[in-house]
Amino acid sequence: LVRLRARLARSQSTLGRGLLGLLSRERLDEDTWEEIEDTLLTADLGVAPTQELVERLRTRARVEGLAGPEQARTILREELIALVGPDMDRSLRTDRHVTENRPAVVLVVGVNGTGKTTTVGKLARVLVAEDRDVVLAAADTFRAAAADQLTTWGDRVGVPTVRGPEGADPASVAFDAVKTGSEAEADVVLIDTAGRLQTKVGLMDELGKIKRVVERHGPVDEVLLVLDATTGQNGMIQAKVFGEVVDVTGIVLTKLDGTAKGGIVVAVQRELGVPVKLVGLGEGADDLAPFEPAEFVDGLLG
Ligand code: GDP
């Protein structure tokens, strides 16, 4: 977690410094409040959260006074943490169902290119480091390269990858993987899916079928939606579409290392009503971190 903070400081501190600079001004006039609002909107925080935050800050400035940078920082920190949602349950449901003798099942969905496969690889590594047995499922059967990429991650992390021939039914690959996982008494099966977003109906059919077929073994424990933090409004549209198609239980925000627009965390949580559980901070195997509001805000404030 120390790393989450340090890494975020690198990409997000421009935002934090900008806000602190503005809030520390001697006179907080209307122009300054407008600048604060613009800064938050530019960081992809979204209109409603921006207005709420500015309102809270204005009230506190009025009631408590903002006597200098020190206090501005304290107040901004408190309000940002509150906005990010310190009480949301961000734990991953990856515990094996011992009594039913089956693994936890995690479905990973999202548009191609957002970092789905990389996230599955990184997450497998985290779980293996926790001494858990993991099976990967390459349910993106449309591109052989996708299954190859996942298999490479599996080999790297030292876990098996279940895949089918090119063009195989994604749901049957997912089903086989859960069966393999059950027989091997694995703890977790991570299912990488295809993310072609040409038609909502097509996507709905495919993800719906995977979920239904897998559920013959038992309920899916997590549906993680992977979103690329650098895509701004586009990412929000994707979140909306996927949110309508599957019951997303957690968000993975990737490429947070490549943007200063950390406000997307709040915007996307609001859109879907589910927490950001993990963040991607780079392309490497260790560049995945559990999301933690206070660490995030401290990274933001540098
Ligand atoms: P998929 O098509 O959704 O499975 O996406 P991939 O996993 O193939 O990732 C697409 C690209 O994004 C690859 O070049 C990854 O290395 C890169 N990527 C994934 N996650 C991150 C991240 O957190 N930070 C950065 N900088 N790059 C990432």
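Here is what the cut-offs are and how they apply
Residues numbered from 1 in each chain as written. Predicted model: local features only at pLDDT ≥ 70, side-chain atom pairs only at ≥ 80, totals over all residues. Heavy atoms only, no water. Helix = DSSP H or I, 4+ residues; strand = E, 2+ residues; numbered from the N terminus. Rg over C-alpha atoms; globule rule 2.2 N^0.38 Å. Contact = heavy atoms within 4.5 Å. Areas by Shrake-Rupley, 256 points an atom, 1.4 Å probe, with all protein chains shown as cover. Lys, Arg positive; Asp, Glu negative; His and termini not counted. Charge placed at Lys NZ, Arg CZ, Asp CG, Glu CD. Salt bridge = Lys/Arg side-chain N within 4 Å of Asp/Glu carboxyl O. Buried < 20%, exposed > 50% of the residue type's maximum accessible area, 1.4 Å probe, protein only. Expected span 1.5 Å × (residues − 1). Near = heavy atom within 4 Å. Polar contact = N/O pair within 3.5 Å; in protein donor to acceptor, adjacent residues only side chain to side chain. Nonpolar A, V, L, I, M, F, W, Y, C, P; charged D, E, K, R; others polar. UniProt positions renumbered as here; feature names shortened; annotations may be inferred. Core = buried A, V, L, I, M, F, W, Y, C linked by side-chain atoms within 4.5 Å.

**Focus: the overall build of the protein**
Across its full length, the protein holds eleven helices and eight strands. Scaling as 2.2 N^0.38, a compact globule of 302 residues should have a C-alpha radius of gyration of about 19 Å, and the protein matches this with 21 Å. Residue pairs at least 24 apart in sequence account for 76% of intrachain contacts in the protein once pairs closer than 6 positions are excluded. Summing over all exposed atoms, the protein offers an accessible surface of approximately 13,200 Å²; the carbon and sulfur share of this is 49%. Taken together, the 36 basic and 48 acidic charged side chains of the protein have centroids lying 1 Å from each other.

**A closer look at the pattern of salt bridges**
Considering all chains together, one arrives at 22 salt bridges under this definition. A salt bridge links E35 to R25; the nearest nitrogen and oxygen atoms lie 3.2 Å apart. Of the two residues, E35 is situated in helix α2 (residues 30-42) and R25 in the loop between α1 (2-23) and α2; the sequence distance between them amounts to ten residues. Using a relative accessible area of 34% as the deciding quantity, one classes R25 as partly exposed. Here the salt bridges share partners, and the residues they tie into one network are R56, R60, E64, E78 and E79.

**What to know about helix α4 (residues 68-84)**
Here α4 contains 17 residues, and its C-alpha end-to-end distance of 24 Å stays within 8% of the 24 Å for a straight helix at 1.5 Å per residue. Where α4 is concerned, the buried positions are A72, I75, L76, E79, L80, I81, L83 and V84. G85 sits one or two positions beyond α4 and adopts a positive phi of about 95 degrees.

**A word on the site of the ligand**
The environment of the ligand is made up of 17 residues, and the closest members are G113, T117, T118, D257 and E283. G113 places a polar main-chain atom, nitrogen or oxygen, 2.7 Å from an oxygen atom of the ligand. The contact in question runs from an oxygen atom of the ligand to an N or O atom on the backbone of K116, over 2.8 Å. In the complex, 80% of the free accessible area of the ligand, which totals 580 Å², lies under the protein chains. Here the shell around the ligand gets four residues from one element, more than from any other, and that element is helix α5 (residues 116-129). Classifying every residue of the shell around the ligand gives two nonpolar, ten polar and five charged.

**Comments concerning the UniProt feature "domain: SRP54-type proteins GTP-binding" (unreviewed entry) in the protein**
Within this structure's numbering, the places UniProt gives as "domain: SRP54-type proteins GTP-binding" (unreviewed entry) are residues 275-288. Between the end C-alpha atoms of residues 275-288 the distance is 16 Å, and the span holds 0% helix and 43% strand.

**Quick look at the nonpolar core**
Counting 74 residues, the largest nonpolar core has I191, L253, V279 and F296 as its most contacted members. Look past the residues within four positions of I191 in its chain and what remains in contact with it is V105, V106, L107, V108, A137, A139, A174, V178 and V214. One finds V108, V120, A138 and L190 within the second-largest nonpolar core, a separate group that totals 22 residues.

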